[in-house]
Amino acid sequence: MIHIDEVTLREIRLPLRTPFRISSGTVSHRRILLLQLRDRSGAVGWSECVAAEHPNYSPETIDTAWLMLRDWILPLVLEAPLEAPNHVHPRLERKVRGHPMAKAAAEMGIWELAARMEGVPLARMLGGTQDRVPVGISLGIQDSPEALVEVARAALEEGYRKIKLKIAPGEDFDYVSRVREALGSEAPLMVDANSAYSLGDAPELARLDELDLMMIEQPLDRTDLLQHARLQERIRTPICLDESIDCLDRARDMLELKSGRIVNVKPGRVGGFAPALAIHHLCQKGEIPVWCGGMLESGIGRAHNVALASLPNFQLPGDLSPSARYWSRDIVDPEWTMDEEGRVQVPLDRPGMGVTVDEERVEALTVRRERIGPGG
Ligand code: OSB
Ligand code: MG
């Protein structure tokens, strides 16, 4: 039994080493919502909410997530003991519509806590089978094609197994074709549009077919599953959905409608580990490869992502870059690293998420805090 008796919400601010630009906006420092959950036995679990400051990727923001957690989600978690971590998701779904990122933060923290209480690594508790996971890098939109070629070349030399280039209308074919020319036909390239196009852009998107990309991620709006299916009929490059898949049912719809051929699974976007596992299993059955995306997480969110990415159908490299790619210093010990073959090691030698939170540093970075206990 899990009896959560206290949860501390914290906002920390962490500057990115380099600003990150996607089609809908730029982020230069992250406002990160962390959860520290305490069981009656004294055991503690940590998690991170992936919601960003601006509602340009998803409708949720760090501020909506804070409100939903405090007023609606955590009261449900505190209200009665839980038999197992996979009971959290259905309990939240019964009473709260939407807000998958806020729900995921609570849910994933309880999995982490449960793994620590049972003395098993989180990856094992989730059913992970891989002890190393190949890593990809996500490169923001650069000021010129030349600048993009330089960062992409450096990424390939560092050993990254997948190089994702962010694109937007007008900053697409010219940029990506220059990278393809410079890095050669073997370089594992893909693009991510973050919903910047419409079906009318199909002719421009079809031009990308000649660049032999592993996939194009989320070209159209998050709600356009049908239009993604129409687009997939007109382009050869596999479509991968990210923003569109915010719960298990949308993954089912995608498979049924053939809205794409690959899924980017971010547990923090789909409502937590239980729905992420269900999406993983569904895609495995449907022979749809999945990979683990990222949301510029701190080392806590990354720990949760790495644990999930150790499952067998995570066949493609995940956006699981090492700590040093994002931060001058991460908030966990040890920091996340990548080996020469472009892989991250799954921590299987420690219970829970496998890294220790640098609580002193978290304390120093905290700009806002709220303690939620039984009765509010
Ligand atoms: O679309 O995958 C995305 C970052 C913020 C918001 C959306 C996305 C991203 C990334 C970064 O691509 C991946 C990473 O964490 O390295
Ligand atoms: Mg994406």
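Reading guide: rules and limits
- Residues numbered from 1 in each chain as written.
- Chains lettered and ligands numbered in written order.
- Predicted model: local features only at pLDDT ≥ 70, side-chain atom pairs only at ≥ 80, totals over all residues.
- Heavy atoms only, no water.
- Axes fitted to C-alpha atoms, helices over the stretch in contact; angles between N-to-C directions.
- Helix = DSSP H or I, 4+ residues; strand = E, 2+ residues; numbered from the N terminus.
- Parallel < 35°, antiparallel > 145°, perpendicular 65-115°, else oblique.
- Left-handed = near helix turned anticlockwise from the far one by under 90°.
- Contact = heavy atoms within 4.5 Å.
- Nonpolar A, V, L, I, M, F, W, Y, C, P; charged D, E, K, R; others polar.
- Near = heavy atom within 4 Å.
- Polar contact = N/O pair within 3.5 Å; in protein donor to acceptor, adjacent residues only side chain to side chain.
- Pairing = 2+ DSSP bridges.
- Donors = N, O, S within 2.8 Å, 3.2 Å for Na, K, Ca; no water.
- Buried < 20%, exposed > 50% of the residue type's maximum accessible area, 1.4 Å probe, protein only.

Quick look at the packing of helix α5 (residues 145-158) against helix α6 (residues 173-183)
α6 packs onto α5 with a crossing angle of 45° between their chain directions and a minimal axis gap of 9 Å. When the interaxial angle is binned, α5 and α6 end up oblique. Along this stretch, α5 crosses α6, giving a crossing that reads as right-handed. Of the residues in α6, those touching α5 at P145, E146, L148, V149, A152, R153 and L156 are D174, Y175, R178, V179, A182 and L183. Tallied by class, the residues present in the contact of α5 with α6 amount to nine nonpolar, no polar and four charged.

A few points about the site of ligand 1
Looking at ligand 1, there are 15 residues lining it, with S138, N194, K266, L296 and Y326 nearest. Contact distances for ligand 1 include 2.8 Å between an oxygen atom and a side-chain N or O atom of S138. At a separation of 2.9 Å, an oxygen atom of ligand 1 approaches a polar side-chain atom of K266. Looking at the shell around ligand 1 residue by residue, the classes come out as five nonpolar, three polar and seven charged.

A few points about unusual backbone geometry
With an omega dihedral of -5°, the bond running from D333 to P334 counts as a cis peptide bond. Mapped onto the elements of the fold, P334 is located in the loop between β12 (332-333) and β13 (343-345). One non-glycine residue with positive phi stands out, namely D212, at about 55°. Residue position: D212 is located in the loop between α7 (202-207) and β8 (216-217). Of note, the phi angle at K258 is positive, near 60°, even though the residue is not glycine. The residue K258 is located in the loop between α9 (248-257) and β10 (262-265) in this model.

A few points about the sheet that holds strand β1 (residues 4-22)
Ordered in space as β3-β2-β1-β15, the four strands form an open sheet in which the pairing is antiparallel. Single-partner strands in this sheet number two, and they are β3 (44-49) and β15 (366-372). Taken over all neighbouring pairs, the strand axes of this sheet differ in orientation by 25° on average, direction set aside. Each of β1, β2 (25-39), β3 and β15 is contacted by helix α1 (residues 62-79), which is oriented at about 155° to β1, the strand it contacts most. Across the face of the sheet, helix α12 (residues 299-309) comes into contact with β2 and β3 while running at roughly 95° to β3.

Quick notes on the coordination of the magnesium ion (ligand 2)
Protein coordination of the magnesium ion (ligand 2) is provided by D192 (OD), E217 (OE) and D242 (OD), with donor distances spanning 2.1 to 2.3 Å. Taken in chain order, the donor set of the magnesium ion (ligand 2) reads D-x24-E-x24-D. With a gap of 25 residues between them, D192 in strand β7 (residues 189-192) and E217 in strand β8 connect regions that are remote in the sequence. Accessibility expressed as a relative area gives 0% for E217, which makes it buried.

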